[in-house]
Amino acid sequence: MESEPKERRRMPAENDPGPYETLTVREGGAVLFAEIWNPPMNLLDPELVRDLVSLIQRAEADDTIQVLVFKSRDPDYFISHVDLTRIAEYRAEAAKLVGEPSIALLFHYLSASRVVTIAQIEGRVRGAGSEFVLACDMRFAARESAIFGQFEPAFGLLPGGGATQHLVRLMGRARALEVMLSADDYDAELAQQYGWINRALPAGEIDNFVRALAHRIAGFPSPGHVAVKDRVNAIALAPAEDFRRDSDTFAAGVRDPEAQARIRSAFERGLQTRDAEMDLARMLGDLPDN
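Residues numbered from 1 in each chain as written. Predicted model: local features only at pLDDT ≥ 70, side-chain atom pairs only at ≥ 80, totals over all residues. Heavy atoms only, no water.

### Describing the overall build of the chain
A count of helices and strands for the chain gives 12 helices and 10 strands. On C-alpha atoms alone, the chain measures out to a radius of gyration of 18 Å, which is about the 19 Å that the 2.2 N^0.38 rule sets for 290 residues. The principal-axis extents of the C-alpha atoms in the chain amount to approximately 55 × 40 × 40 Å. Burial analysis of the chain (290 residues in total) assigns 56% to the buried set. Here the analysis covers contacts within the chain between residues at least 6 apart in sequence; of these, 72% occur between residues at least 24 apart. In the chain, 33 positive and 45 negative side-chain charges are present, and the distance between their average locations comes to 3 Å. (Helix = DSSP H or I, 4+ residues; strand = E, 2+ residues; numbered from the N terminus. Rg over C-alpha atoms; globule rule 2.2 N^0.38 Å. Buried < 20%, exposed > 50% of the residue type's maximum accessible area, 1.4 Å probe, protein only. Contact = heavy atoms within 4.5 Å. Lys, Arg positive; Asp, Glu negative; His and termini not counted. Charge placed at Lys NZ, Arg CZ, Asp CG, Glu CD.)

Listed below in structure tokens is the structure:
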């Protein structure tokens, strides 16, 4: 299974605090702004996972950093999904932070972090990309461009990065089942209505809104952030063991011959190529039965 060749271009930025390959990082007082740039389509691959681990460690080690904002430099893709050709590699990168080869546990770690995290979503965010933004504390999406999808069931798989845990709590049982079992795309307005995101905003307003919110939160005492997140997580964040179980179920399922056959069929139709995934939901709906 092959994806498009990657053109590696590190995008330098003022105040960049680390040697990131897939992130551009800018420090603004107590806020870190991280832009994702991982051509050709912001796949969650070992390089991006490695940089996310490094960035999380850097933010947590610096007591002056209170808020971490994620956005994408690619207007069409925030994080498309995992690189299905490099599953063992990206799981190994996650293990460097959480001690186990599990994206789900990495995302759980992010949710439990003392740092407040905000996802500014413009473009497509599907699969583990969706699970990454669900792990962030808040999610704001551009009304004109953001597209959400949790498509793993199209291959006969349970989402492995925490989607089941988050979506049921955010949307309720029926809508979570609709989102996952349909493996369809959802625009920002419907994502807002369903509870997938905090709110949908016009593309011309989202940047200023998120920046102002991040700085406002960062201006308040950090012990309040820690106390609020601790109590909210005690109510709303599933235990790490539930994330581990979903991760293990995904890892076992992706080796199933039927799942492999459907994944191969999707690659033949353009999976992990930029143009084909602009309309991924339609392509997945056209996969033949195996």
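### What about the environment of alanine 104?
Its place among the elements puts alanine 104 in helix α3 (residues 103-112). As for alanine 104 and phenylalanine 243, which are separated by 139 residues in sequence, their C-alpha atoms are 5.5 Å apart. Sequence-distant contacts of alanine 104, defined by excluding residues within four places in its chain, comprise Gly160, Gly161, Gly162, Phe243 and Ser247.

### Some remarks on the nonpolar core
In terms of nonpolar packing, the biggest core is built from 71 residues, with Leu44, Phe78, Ile121, Phe132, Phe155 and Trp196 touching the most fellow members. When near neighbours in sequence (up to four residues on either side) are disregarded, tryptophan 196 contacts Ser130, Leu134, Arg139, Phe148, Gly149, Gln150, Leu167, Leu170, Met171, Val179, Tyr186 and Ala191. Residues Phe33, Phe140, Leu201 and Leu213 belong to the second largest nonpolar core, which totals 17 residues. (Core = buried A, V, L, I, M, F, W, Y, C linked by side-chain atoms within 4.5 Å.)

### Remarks on the sheet that holds strand β3 (residues 67-72)
Reading across from one edge, β1-β2-β3-β5-β7-β10 is the order of the six strands in this open sheet, with mixed pairing throughout. The two strands at the open ends of the sheet, each matched to only one other strand, are β1 (23-28) and β10 (199-201). Each adjacent strand pair in this sheet contributes to an overall mean axis angle of 20 degrees, direction not counted. Pairing of β1 with strand β2 (residues 31-36) involves six bridges; the strand directions are antiparallel. In the sheet register, arginine 26 faces β2, and the bridge partner there is phenylalanine 33. This element, helix α1 (residues 46-61), spans β1, β2 and β3 of the sheet and lies at about 15 degrees to β1. (Pairing = 2+ DSSP bridges. Axes fitted to C-alpha atoms, helices over the stretch in contact; angles between N-to-C directions.)

### Re the sheet that holds strand β4 (residues 77-79)
The sheet built from four strands is open, its strands ordered β4-β6-β8-β9 with mixed pairing. At either end of the open sheet lies a strand with only one pairing partner, and these are β4 and β9 (185-187). Sheet twist, expressed as the mean angle between neighbouring strand axes with direction ignored, is 25 degrees.

### Focus on the packing of aromatic side chains
A full pass over the atoms with the stated rule returns eight aromatic pairs. With a centroid separation of 4.9 Å and an interplanar angle of 80 degrees, the aromatic rings of phenylalanine 70 and phenylalanine 132 are classed as edge-to-face. Taken together, the residues phenylalanine 70 in strand β3 and phenylalanine 132 in helix α4 (residues 128-135) connect sequence positions 62 residues apart. When sorted by exposure, phenylalanine 70 lands in the same class as phenylalanine 132, which is buried. An angle of 55 degrees between the planes, with centres 5.8 Å apart, marks the rings of tyrosine 186 and tryptophan 196 as tilted. Placement of tyrosine 186 in strand β9 and of tryptophan 196 in the loop between α7 (188-194) and β10 is noted, with a sequence separation of 10 residues between them. You'll find tyrosine 186 and tryptophan 196 in the same group, each marked buried. Looking at arginine 124, its charged tip hangs above the ring of tyrosine 77, at a distance of 5.9 Å from the centre. (Phe/Tyr/Trp six-rings, centres within 6.5 Å; stacked < 30°, edge-to-face > 60°. Lys NZ or Arg CZ within 6 Å of the ring centre and 35° of its normal.)

### So, the pairing of strand β7 (residues 138-142)
Burial of β7 is extensive: five of the five residues sit out of reach of the surface. Neither face of β7 is left uncovered, since the one carrying Met138, Phe140 and Ala142 and the one carrying Arg139 and Ala141 both have all their residues buried. Bridge count for strand β5 (residues 116-121) against β7 is four bridges, and the pairing is parallel. Bridge pairing links alanine 119 to arginine 139 in β7.

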